[in-house]
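What the coordinates show
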Amino acid sequence: MNIIDQTKEKMAAAIEHLKNELKSIRTGRANPAMLDGVTVEVYGSLLRLKELASINAPEARMLLITPFDAKNCGVIAKAIEKANIGVNPIIDGNCVRIKISQMDENMRKEMVKICHKKREEAKISIRNIRRDSNEHARKMKADGDLAEDMMKKHEKTIQDLTDKACKDADDLCEKKEKEVSTI
């Protein structure tokens, strides 16, 4: 695989990671992805919540977690509390309900800050990929495996890929900010 293909692949992975990170940021609506980071200690090991239960949003401000094994309701509720995502689980028979409260202005601003932080982390990752790829191209030139003009062409292509990935990160973050700010 050549340098350009590797760079494309790594930058696409960085953008995909950002998408997954942004899913967990809270908006005013109930979103099952909010619970993606929750792990539950059950059966002597740590499991992700979605491996133990189905998670649905039957209403705009309600999440319904139905464990595959009804005995796990208590540990699931405790794990959600421990995850500290700003919601209070309520055990309701064989399921756990989470009422999503209305977000106030301060909470929205905090979520937007988190959005910016995640975007900046993604951009740093993208820039590191650019640096590594450029170093690889220079090393190939030094070893005599790549001509000077090809190295320059690679560097330009790598920069174009970097600009596109950074723009994608900005667009994703902007979209998420609109979601968070919408009441």
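What counts, and at which threshold
- Residues numbered from 1 in each chain as written.
- Predicted model: local features only at pLDDT ≥ 70, side-chain atom pairs only at ≥ 80, totals over all residues.
- Heavy atoms only, no water.
- Axes fitted to C-alpha atoms, helices over the stretch in contact; angles between N-to-C directions.
- Helix = DSSP H or I, 4+ residues; strand = E, 2+ residues; numbered from the N terminus.
- Parallel < 35°, antiparallel > 145°, perpendicular 65-115°, else oblique.
- Nonpolar A, V, L, I, M, F, W, Y, C, P; charged D, E, K, R; others polar.
- Pairing = 2+ DSSP bridges.
- Contact = heavy atoms within 4.5 Å.
- Buried < 20%, exposed > 50% of the residue type's maximum accessible area, 1.4 Å probe, protein only.
- Arc of directions from axis to C-beta.
- Salt bridge = Lys/Arg side-chain N within 4 Å of Asp/Glu carboxyl O.

**Things to note about the packing of helix α4 (residues 105-142) against helix α5 (residues 148-181)**
Viewed as axis vectors pointing N to C, α4 and α5 meet at an angle of 170 degrees, and their least axial separation amounts to 10 Å. Judged on the interaxial angle alone, α5 and α4 are roughly antiparallel. Each residue belonging to the contact of α4 with α5 can be placed in one class, and the counts come to 12 nonpolar, 6 polar and 11 charged.

**Some remarks on the sheet that holds strand β5 (residues 89-92)**
If you walk across this open sheet you meet the 4 strands as β3-β4-β6-β5, and the pairing is antiparallel. Edge positions in the open sheet fall to β3 (53-59) and β5, since each of these has one partner strand only. Pairs of neighbouring strands in the sheet enclose a mean axial angle of 25 degrees, with direction left out of account. The sheet contact formed by β5 and strand β6 (residues 95-99) spans 4 bridges and is antiparallel. In the sheet register, D92 faces β6, and the bridge partner there is C95. Helix α3 (residues 73-82) rests against β3, β4 (62-67), β5 and β6 of the sheet, and its axis sits at about 170 degrees to β5.

**Looking at α3**
Taken together, the buried positions of α3 are C73, I76, A77, A79 and I80. Down the axis of α3, the buried side of the element spans an arc of 160 degrees, and every buried residue falls inside it. Exposed residues on α3 whose side chains face more than 90 degrees from its buried face are K78 and K82. Its buried side turned inward, α3 meets β1 (39-42), α2 (49-52), β3, β4, β5 and β6. Backbone geometry just after α3 places N84 at a positive phi near 55 degrees.

**As for the pattern of salt bridges**
Applying the stated criterion to the full structure yields 17 salt bridges. Among the salt bridges present, the one from R131 reaches D132, with a minimum N-O distance of 3.3 Å. For D132, a relative accessible area of 38% translates into the label partly exposed. Taken together, the shared-partner salt bridges in this structure form one network comprising R119, K123 and D170.

**So, the environment of P32**
Tracing the chain through its elements places P32 in the loop between α1 (3-23) and β1. Relative accessible area serves as the criterion here: at 27%, P32 is assigned to the partly exposed category. For the pair P32 and L63, spaced 31 residues apart in sequence, the C-alpha separation works out to 6.9 Å. Not counting chain neighbours up to four residues away, the residues in contact with P32 comprise I55, N56, A57 and L63.

**As for unusual backbone geometry**
Of note, the phi angle at Y43 is positive, near 55 degrees, even though the residue is not glycine. Accessibility expressed as a relative area gives 57% for Y43, which makes it exposed.

**Structural notes on the pairing of β3**
In terms of strand pairing, β3 meets β4 through 5 bridges, oriented antiparallel. Each bridged residue has a counterpart across the sheet, and for A53 the counterpart in β4 is P67.

**Considerations on the packing of α1 against α5**
It is at 10 Å that the axes of α1 and α5 come closest, and there the two elements cross at 10 degrees. In terms of orientation, α1 lies roughly parallel with respect to α5. Counted together, I3, I4, T7, K8, M11, I15, L18, K19, L22 and K23 of α1 and H154, T157, I158, L161, T162, A165, D168, A169, L172, C173 and K176 of α5 form the full contact between these two elements. The class makeup of the residues in the contact of α1 with α5 is 12 nonpolar, 4 polar and 5 charged.

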